Amino acid sequence: MHVRLIGILSITFTGSLVVAGCTPAAEESAAASSEPAAATGTLVADSTRSTESGSGDWQVIEPGADTVCSDGSAYRFFVRAADPAKLLVYFQGGGACWFPENCDTHLQPSYKVNVADDDPSRYDGIFALTNPDNPFLEYSMVIAPYCTADTHMGDRQTSYQAPATEDHTAHELTIHHRGFVNSNAVLDWIYGAYSNPAEIFVTGSSAGSIPSPYFAWQIAAQYPGARIAQLGDASGGYRRSATTNTDRMLQWGTLDYLASRHPEFSEVTEDAFNYELLYIKAAQARPDILFAEYDAAEDTVQKRFLALGGSTADSLLDLLRANHRDIRAEVSNFRTYVGPGDSHTILGRPEFYTAESDGVRIRDWVADLAAYRTVQNVECDPCVLPAAAGKAD
């Protein structure tokens, strides 16, 4: 695999991490591109300059080969070098698409199309590298951006027939659902760059949280001596129902990919596949990994994507509890944190340092999880915030 090192972005924190559905504007429109419109970091010529802990320089790496975004544009990812013994691997969010109307960027796209405007110097939360309260200041970090509309789990180029509208004629559009290709390129780079990390935290937000248990399992195979914890940020409520649209996994080639590589999935049918299985199969295979999920009790973005998939939810909390029960019935190394309100994601928000549920600060809970300390299940009581406080800035 050819890897092209682009340069280093000098860090200046001016905003929050944004993934599809994570800002008020995106929540209203489920817009296609929700990253900052323009990068604020400065590209510098010295691409080998070392990074002091907390300074936060980001290398931009373009892996080339077969990596690609949904629109055929180039893929790239970001690396921040710090302590090589501590590694954070983050899978970015950004929606998804699986039918013509939500794949066509001229209609109602519900996914992030490419990585052209991605800039980690704008991210907050766990990426606020000048915040002394950040539990990950010493960690080397790798951000896997998202641009394939398949929750990082596609292995197919798919054609959709977009309908005619007042603005344009009916036409065929091609989406490169190559999430597995891109993610595996990131992992291959990690394996070459980090020979023996002792502590690894695998996480992701929104669409990026869905595959994070699977990728934690795969990373653990590469580093058998490492202590590994995982956290999925804001995807725990996607419960299958009799009315759920299952076409997405067919369109993306997800189950074919998993079944061809892992006997654990070889007999799983399309109708039986759900996101909880990623936790169950990974946790059964690796009982030494600490697996976990965070969700807001009434996350409006998850409700919106449930509706796109043909399933309505009056209460997301009921779906969260049902999914948690299903996972816990199969494995013991799984913990959950349910916060109050209806916001979407927490890891990339400034609220990561202030939000609490049942008296437990999410920052402290995540810090304990990453440090491989046993954490307890947390659930809000009450789960409804006052209207003014329930919306994220």
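It should be noted that the structure appears before, not after, this text.
Below or above, wherever it landed, is the structure these notes cover. (Residues numbered from 1 in each chain as written. Predicted model: local features only at pLDDT ≥ 70, side-chain atom pairs only at ≥ 80, totals over all residues. Heavy atoms only, no water.)

Structural notes on the overall build of the chain
Okay, step 1: Each helix and strand counted, the chain has 10 helices and 15 strands in total.
Okay, step 2: The buried share of the chain, reckoned over its 393 residues, is 58%.
Okay, step 3: Sequence separation of at least 24 residues holds for 77% of the intrachain contacts in the chain that already meet a minimum separation of 6.
Okay, step 4: Per element, the accessible surface of the chain, about 15000 Å² overall, is 48% carbon and sulfur. (Helix = DSSP H or I, 4+ residues; strand = E, 2+ residues; numbered from the N terminus. Buried < 20%, exposed > 50% of the residue type's maximum accessible area, 1.4 Å probe, protein only. Contact = heavy atoms within 4.5 Å. Areas by Shrake-Rupley, 256 points an atom, 1.4 Å probe, with all protein chains shown as cover.)

Side note on empty space enclosed by the protein
Okay, step 1: Enumeration according to the criterion identifies four cavities of 30 Å³ or more in this entry.
Okay, step 2: Considering only enclosed or pocket space, the second largest cavity measures out at about 140 Å³ in volume.
Okay, step 3: As for the second largest cavity, its lining consists of 15 residues, of which Ala96, Thr151, Ile210, Tyr238 and Phe305 are closest to the centre.
Okay, step 4: Those elements that provide at least two residues to the lining of the second largest cavity are α5 (247-252) and α8 (300-308).
Okay, step 5: Residue composition of the lining of the second largest cavity, by class: 10 nonpolar, four polar and one charged. (1 Å grid on protein atoms, 1.4 Å probe; cavity = no way out; pocket = protein on both sides within 12 Å on 5 of 7 lines; lining within 4 Å. Points joined across faces, edges and corners; volume = space filled by probe spheres on them. Nonpolar A, V, L, I, M, F, W, Y, C, P; charged D, E, K, R; others polar.)

Remarks on the packing of helix α7 (residues 275-285) against helix α9 (residues 316-328)
Okay, step 1: Relative to each other, α7 and α9 sit at 25°, their axes nearing to 9 Å. One finds that α7 runs roughly parallel with respect to α9. Here α7 runs over α9; the crossing is right-handed. Residues Glu276, Tyr279 and Ile280 of α7 form the contact with α9, whose own contacting residues are Asn323, Asp326 and Ile327.
Okay, step 2: Grouping the amino acids of the contact of α7 with α9 by side-chain chemistry returns three nonpolar, one polar and two charged. (Axes fitted to C-alpha atoms, helices over the stretch in contact; angles between N-to-C directions. Parallel < 35°, antiparallel > 145°, perpendicular 65-115°, else oblique. Left-handed = near helix turned anticlockwise from the far one by under 90°.)

Quick notes on the pattern of salt bridges
Okay, step 1: By the definition in use, this model includes 14 salt bridges.
Okay, step 2: The salt bridge partner of arginine 361 is aspartate 133, with a shortest N-O separation of 2.9 Å. Placement of arginine 361 in strand β14 (residues 360-361) and of aspartate 133 in the loop between α2 (100-103) and β6 (139-144) is noted, with a sequence separation of 228 residues between them.
Okay, step 3: Ionic pairing is found between arginine 321 and glutamate 379, a salt bridge with its closest N-O pair at 2.4 Å. Note that arginine 321 is positioned in helix α9 and glutamate 379 in strand β15 (residues 378-379), a separation of 58 residues in sequence. (Salt bridge = Lys/Arg side-chain N within 4 Å of Asp/Glu carboxyl O.)

Focus: the nonpolar core
Okay, step 1: Formed by 69 residues in total, the largest nonpolar core has its most connected members in Ile190, Phe273, Tyr275 and Leu278.
Okay, step 2: In terms of residue count, α7 provides more of this core than any other element does, seven residues in total.
Okay, step 3: For isoleucine 190, the contacting residues outside a window of four places in its chain are Leu87, Val89, Val142 and Tyr223.
Okay, step 4: Listed in part, the 32 residues of the second largest apolar core include Val60, Phe78, Tyr139 and Leu347. (Core = buried A, V, L, I, M, F, W, Y, C linked by side-chain atoms within 4.5 Å.)

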